[in-house]
Amino acid sequence: MGRMTRREFLFLGAAVGATAAVGVVVPISITARDTVGVAGEGSSPGALVGVFRPERIASLADLEVGVPVTFDYPAPGQTNYLVKLAGPTATGQGPDEDLVAFSRICTHMGCLIDDYNAATATLGPCPCHFTTFDFAKDGGVILGQATQNLPRILLDVEDDDISATGVMRLIYGYNNTLLDVASVGSSA
Ligand code: FES
């Protein structure tokens, strides 16, 4: 399994610790062939982290600042953008903390968003109800109907290889990141 960044590791540790402290069972299970587990912070769905089989998604050397790379993860059809930002950000990953990856499926009603604006590091407006999300601020909502950040894809960078390893927050249409998910790589 690919490694999490130190930040993601600390987040998971805090989530498990907080959950255990209030006596709630942390749901760690294997319901899909390539799913490793999930940790949640109490009943907050926004804190859920699904950990899946790592999938290589891009070459670090091939990335250009502001040019999104499309990839599906953790399942076919669950499409995301990987972007190298112009500089480091609080949730950036990789050696320069400038790599981010988010779902392109709008958290309002599930419409697919294509338009990435490199100048503002934003995704949107969504073609359905105009929500725009900020890639430099953890996929947060700038304007529009959505109230939830975009699901963030956890990344692992080993030399030139960038891999997806998990998903933080729920993808639209799923009430549990683990359920009914067959990994992108499961048919290979
Ligand atoms: S589905 Fe995107 S704003 Fe409504």
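Residues numbered from 1 in each chain as written. Predicted model: local features only at pLDDT ≥ 70, side-chain atom pairs only at ≥ 80, totals over all residues.

**Section: the overall build of the chain**
1) Next: A tally of helices and strands in the chain yields one helix and 11 strands.
2) Next: Put simply, the chain runs from its N terminus to its C terminus through helices and strands in the order α-β-β-β-β-β-β-β-β-β-β-β.
3) Next: Burial statistics for the chain: of 188 residues in total, 39% are counted as buried.
4) Next: In the chain, 46% of the contacts between residues at least 6 apart in sequence involve partners at least 24 apart. (Helix = DSSP H or I, 4+ residues; strand = E, 2+ residues; numbered from the N terminus. Buried ≥ 20, exposed ≤ 12 C-beta atoms within 10 Å, placed from the backbone. Contact = placed C-beta atoms within 7 Å.)

**Focus: the sheet that holds strand β9 (residues 140-143)**
What holds strands together in a sheet is hydrogen bonding between their backbones, with the strands either parallel or antiparallel.
1) Next: Taking strand neighbours across the sheet as the criterion, the four strands line up as β6-β7-β8-β9 in an open arrangement whose pairing is antiparallel. Of all strands in the sheet, those with a lone pairing partner are β6 (116-117) and β9, marking the two edges. (Pairing = 2+ DSSP bridges.)

**Digging into the nonpolar core**
1) Next: Within the largest apolar cluster, 33 residues are counted, with the highest numbers of intra-cluster contacts made by L82, A101, F102 and I153.
2) Next: Those elements that place two or more of their residues in this core are β2 (44-59), β4 (79-84), β5 (99-103), β10 (152-158) and β11 (161-168).
3) Next: Apart from the residues lying within four places of it in its own chain, the contact partners of I153 are Y73, N80, A101, F102, A164 and V167. (Core = buried A, V, L, I, M, F, W, Y, C linked by C-beta atoms within 7 Å.)

**Quick notes on the pairing of β11**
1) Next: Where burial is concerned, most of β11 is hidden: six out of the eight residues are buried.
2) Next: Turn length for the β10-β11 hairpin, with the two strands adjacent in sequence and antiparallel, is two residues, and the turn residue D159 shows positive phi of about 55°.

**As for the pairing of strand β3 (residues 69-72)**
1) Next: Where β3 meets β4, four bridges bridge the pair, whose relative direction is antiparallel. Residue T70 lies in a different strand from β4, and its bridge partner there is Y81.
2) Next: Hairpin geometry of β3 and β4 is characterised by an intervening segment of six residues between the two adjacent antiparallel strands and by a positive phi of about 90° at G77.

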